Amino acid sequence: AGHGAFGPYPNRSKGAQYLNLMWPVILGFWWVLRRRNVARRTAAHRSGGDPHVLLLVLAALTVAGVVVANSRGGVLVLVGLLVSVVVLVVVRTRRQWGFKLAVLATSLSVLALGGWLGGEAIWKRFSSEDLGNMSGRKLIYADTFRMARDFAGVGSGAETFSPLYFFYRKDDPYWNAYVHDDFLETLVTFGGVGLGLIVLVFLALWLVAFFGKGIPAPPEFLLMLGVAMAGILAHAKFAFPFQVRSLHFEFVLLCALLASLKWR
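Notes on the structure in this doc start here. (Residues numbered from 1 in each chain as written. Predicted model: local features only at pLDDT ≥ 70, side-chain atom pairs only at ≥ 80, totals over all residues. Heavy atoms only, no water.)

## With respect to the overall build of the chain
Put simply, the rule reads: Secondary structure elements are defined from DSSP: runs of H or I of at least 4 residues count as helices, runs of E of at least 2 residues count as strands, and each element is numbered from the N terminus. In this description, contact between two residues means that some pair of their heavy atoms is separated by no more than 4.5 Å. Here the open area of atoms and residues is found with the Shrake-Rupley method and a 1.4 Å probe, where only the protein chains shown may cover a residue.
In terms of regular secondary structure, the chain is built from 9 helices and 2 strands. Start at the N end of the chain and walk to the C end: the helices and strands fall as α-α-α-α-α-α-α-β-α-α-β. By sequence separation, contacts in the chain at least 24 residues apart represent 75% of the contacts at least 6 residues apart. Of the roughly 14,500 Å² that the chain leaves accessible, carbon and sulfur atoms contribute 68%.

## Examining the side chain of Lys14
Tracing the backbone shows Lys14 in helix α1 (residues 12-39). The contact partners of Lys14, leaving out residues within four places of it in the chain, are Tyr9, Ala239, Phe240, Val244 and Leu247.

## Section: unusual backbone geometry
The phi torsion at Asn70 lies on the positive side, around 65 degrees, for a residue other than glycine. Take Asn70: it is sitting in the loop between α2 (53-68) and α3 (72-92). A positive phi angle, near 65 degrees, is found at Glu159, a position not held by glycine. For Glu159, the position within the fold is in the loop between α5 (137-150) and α6 (161-168).

## A short note on the packing of helix α7 (residues 182-211) against helix α9 (residues 245-259)
Formally: The convention used is that axes are lines fitted to C-alpha atoms, helices contributing only their stretch in contact, and that angles between N-to-C directions extend from 0 to 180 degrees. Only Asp, Glu, Lys and Arg are considered charged in this grouping, and only Ala, Val, Leu, Ile, Met, Phe, Trp, Tyr, Cys and Pro are considered nonpolar; every other residue, Gly among them, is considered polar.
Packing of α7 against α9 brings their axes to within 8 Å, and their N-to-C directions diverge by 35 degrees. Taken together, the residues of α9 that come into contact with α7 (itself represented by Phe202, Leu205, Trp206, Val208 and Ala209) are Phe251, Cys255, Leu258 and Ala259. Per-class residue counts for the contact of α7 with α9 are 9 nonpolar, no polar and no charged.

## Concerning the layout of surface pockets
Over the atoms, a rolling probe the size of a water molecule traces out where space has been left empty. Note the cut-off: Of the grid points, spaced at 1 Å and generated over the protein atoms alone, those admitting a 1.4 Å probe that cannot get out make up cavities, while open sets with protein on both sides within 12 Å along at least five of seven lines make up pockets; any residue with an atom within 4 Å of a point is treated as lining. Grid points are joined across faces, edges and corners, and a volume is the space filled by probe spheres set on the points.
Empty space within the largest pocket amounts to approximately 880 Å³. Along its surface, the largest pocket is lined by 28 residues, and Thr186, Ile198, Phe242, Gln243 and His248 are the ones closest to its centre. Those elements that place two or more of their residues in the lining of the largest pocket are α6, α7 and α9. A total of 12 residues in the lining of the largest pocket trace back to one element, the largest contributor, which is α7. Each residue belonging to the lining of the largest pocket can be placed in one class, and the counts come to 18 nonpolar, 6 polar and 4 charged.

## Remarks on the packing of aromatic side chains
Each pair of aromatic rings is reported with the distance of its centres and the angle of its planes. The test is simple: Any Phe, Tyr or Trp ring, taking Trp's six-membered ring, that has another such ring centre within 6.5 Å forms a pair; planes under 30 degrees apart are called stacked, those over 60 apart edge-to-face, and the others tilted. Residue exposure (1.4 Å probe, protein chains only): buried if accessible area is under 20% of the type maximum, exposed if over 50%, otherwise partly exposed. Look at NZ for Lys and CZ for Arg. If either is within 6 Å of the ring centre and within 35 degrees of the ring normal, a charge sits over the ring.
Applying the stated criterion across every chain yields a total of 10 aromatic pairs. Ring centres of Phe210 and Trp263 lie 5.1 Å apart, and the angle between their planes is 20 degrees; this geometry places the pair in the stacked category. Of this pair, Phe210 sits in helix α7 while Trp263 sits in strand β2 (residues 261-263), placing them 53 residues apart in sequence. For Phe210, a relative accessible area of 38% gives the class partly exposed. Take Trp263: its relative accessible area is 28%, and that puts it in the partly exposed class. Aromatic rings pair up to connect Phe166, Phe167 and Trp175 into one cluster. The cationic tip of Lys14 hangs over the ring face of Phe240; the distance from NZ or CZ to the ring centre is 3.9 Å.

## So, the pattern of salt bridges
Condition: One speaks of a salt bridge when a side-chain nitrogen belonging to Lys or Arg is within 4 Å of a carboxyl oxygen belonging to Asp or Glu.
Taken as a whole, this structure holds 2 salt bridges when the rule is applied. With a closest N to O distance of 3.4 Å, Arg146 and Asp143 form a salt bridge. Pair noted here: Arg146 and Asp143 are both in helix α5, with a separation of 3 residues, about one helical turn. The partly exposed category is assigned to Arg146, whose relative accessible area is 26%. Residue Asp181 pairs with Lys237 through a salt bridge whose shortest N-O separation is 3.0 Å. In this pair, Asp181 is assigned in the loop between α6 and α7 and Lys237 in helix α8 (residues 219-238), connecting sequence segments 56 residues apart.

## A word on the nonpolar core
Applicable threshold: Nonpolar cores were defined as sets of buried Ala, Val, Leu, Ile, Met, Phe, Trp, Tyr and Cys residues, with membership established by side-chain atoms within 4.5 Å.
Membership of the largest hydrophobic core comes to 22 residues, with the highest contact counts inside it found for Trp23, Leu27, Val63, Leu78, Val85, Met224 and Val227. For this core, the secondary-structure elements that each account for two or more residues are α1, α2, α3, α4 (97-126) and α8. Those residues within four positions of Val63 in sequence are excluded, and the remaining contacts are Trp23, Leu78, Leu82 and Val110. If you look at the next biggest cluster of nonpolar residues, it comprises 20 residues, including Phe202, Leu205, Cys255 and Leu261.

Following this line, the structure appears as structure tokens:
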């Protein structure tokens with residue numbers, strides 16, 4: 001394992017991206033089960049005794065793991081996703097002020113837990129001198145834009161970026177295998193035509209969820225799927241999660257799940 005390893009990933013950023021793709025889905029399952037349980041409660045119900053509460057604990061630990069991973073991009077995306085979740089909870093739960101305050105308090109507590117476990121390390125990373133240069137990404141982008149101009153139509157072909165980059169690199173002193181921007185790398189390898197088709201297929205999945213004949217699913221779960229997907233797409237702008245098979249597979253799995261559901 002390298003210096004920046006996290007769990008099974010040799011890169012801490014990939015570990016954070018995996019967790020950011022997981023915890024909104026876990027929270028979606030918890031939200032759906034909680035609402036169903038509330039509708040079936042009796043006078044003998046004991047608060048906090050429901051099994052789905054364990055999902056909330058697991059989601060909280062997963063969120064804290066993003067901070068512990070010590071990834072700057074992971075923390076920034078995490079904050080954006082937490083804000084989105086809080087906004088969705090406020091909009092979707094009418095008159096349930098206790099529940100809203102509990103979600104807000106839980107989000108702040110989880111961030112505090114993550115800060116306590118790994119706050120000092122992540123603060124050092126944000127204070128590092130290479131932040132303005134985006135860890136060398138600006139040099140990669142400058143050379144890759146020239147590639148994108150040459151292969152703007154149908155692209156250079158799948159898996160061809162790494163060998164071609166050797167001939168195009170001018171500003172970048174290193175022979176990098178990835179752009180650290182999956183959108184830009186897809187534009188180079190598949191061209192504008194391929195990138196457009198990929199975007200259309202992804203948007204069509206959401207049309208299936210609204211107008212298809214899938215399994216009826218609560219809106220809260222579909223919204224959490226959307227939050228998870230938005231997070232990995234944000235990561236893809238400054239990293240390469242879709243070049244990592246485990247992350248790519250999990251995203252495709254969520255897309256397959258989305259294609260089989262219908263907004264109820």
